[in-house]
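Letter by letter, the chains look like this.
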Amino acid sequence: MTAVEQLRAWASKLRRDAVTLWFAARHPGTPWLAKLLGAIVVAYALSPIDLIPDFIPVLGLLDDLILLPGLIWLALRMLPAPVLAECRARSDQWIAAKRTKPASRIGAAFVIAIWIAAALALWLWLARPGASS
């Protein structure tokens, strides 16, 4: 298997695992902490907007290559084995039928809210008395 094939397989598995967490966040057998982490990870993973835009050198790819896979791995580890197996099967069925991943408007709104909060914090920090001296 070539490096490109390995990368494609990894990306496909990552997409499947994000959809698996989407189902797990709604599963009644999922512990509440795993649901919370899974919901946050899924909202971000399925969001059409990145927290750190990809055009920013190095940092733009950091969330896609390290942060997101690490959080997906952690959330999957928190799931009970029967729930994980059931949600993975549902994920495989969804992807085979729809040929796409679900989109998260909540995730997009969350990312936009973080950007607005960061811009507001920067503005307040720069506008404070004595900031220009």
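Data block above holds the structure.
Report on the accompanying structure. These numbers were taken from a predicted model, which means no experiment stands behind them.

**So, the overall build of the chain**
A tally of regular secondary structure across the chain gives 5 helices and 0 strands. Traced from its N-terminal end to its C-terminal end, the chain shows the element sequence α-α-α-α-α. Taking all 133 residues of the chain together, 31% fall into the buried category. Put simply, 73% of the contacts in the chain that link residues at least 6 apart link residues at least 24 apart. Split by element, the accessible area of the chain, about 8900 Å² in all, is 70% carbon and sulfur.

**Some details on the side chain of D17**
For D17, the location among the structural elements is in helix α1 (residues 3-24). Excluding residues that lie within four positions of it along the chain, D17 makes contacts with I72, L76 and R88.

**A look at the nonpolar core**
General note: in soluble globular proteins, nonpolar side chains tend to be found buried as a group. Grouped together as the largest cluster of nonpolar side chains are 24 residues, with contacts concentrated most on L21, W22, V41, L68, I72, L76 and L79. Broken down by secondary-structure element, the contributors of at least two residues to this core are α1, α2 (32-45), α3 (59-77) and α4 (81-98). No other element matches the 7 residues that α1 contributes to this core. For L21, the residues in contact, after removing those within four places along its chain, are V41, V42, I72, A75, L76 and L79.

**Quick word on the packing of α1 against α3**
Where α1 contacts α3, the two axes come as close as 10 Å, and the packing angle between them is 50°. Judged by the inter-axis angle, α1 sits oblique to α3. Of the two possible hands of crossing, α1 and α3 adopt the one that is left-handed. Together, W10, L14, D17, A18, T20 and L21 of α1 and D64, L65, P69, I72, A75 and L76 of α3 make up the contact between the two elements. Split by residue class, the contact of α1 with α3 holds 9 nonpolar, 1 polar and 2 charged.

**Comments concerning the environment of A45**
Note that A45 resides in helix α2. Separated by 19 residues in sequence, A45 and D64 have C-alpha atoms that sit 8.8 Å apart.

Calculation criteria
Residues numbered from 1 in each chain as written. Predicted model: local features only at pLDDT ≥ 70, side-chain atom pairs only at ≥ 80, totals over all residues. Heavy atoms only, no water. Helix = DSSP H or I, 4+ residues; strand = E, 2+ residues; numbered from the N terminus. Buried < 20%, exposed > 50% of the residue type's maximum accessible area, 1.4 Å probe, protein only. Contact = heavy atoms within 4.5 Å. Areas by Shrake-Rupley, 256 points an atom, 1.4 Å probe, with all protein chains shown as cover. Core = buried A, V, L, I, M, F, W, Y, C linked by side-chain atoms within 4.5 Å. Axes fitted to C-alpha atoms, helices over the stretch in contact; angles between N-to-C directions. Parallel < 35°, antiparallel > 145°, perpendicular 65-115°, else oblique. Left-handed = near helix turned anticlockwise from the far one by under 90°. Nonpolar A, V, L, I, M, F, W, Y, C, P; charged D, E, K, R; others polar.

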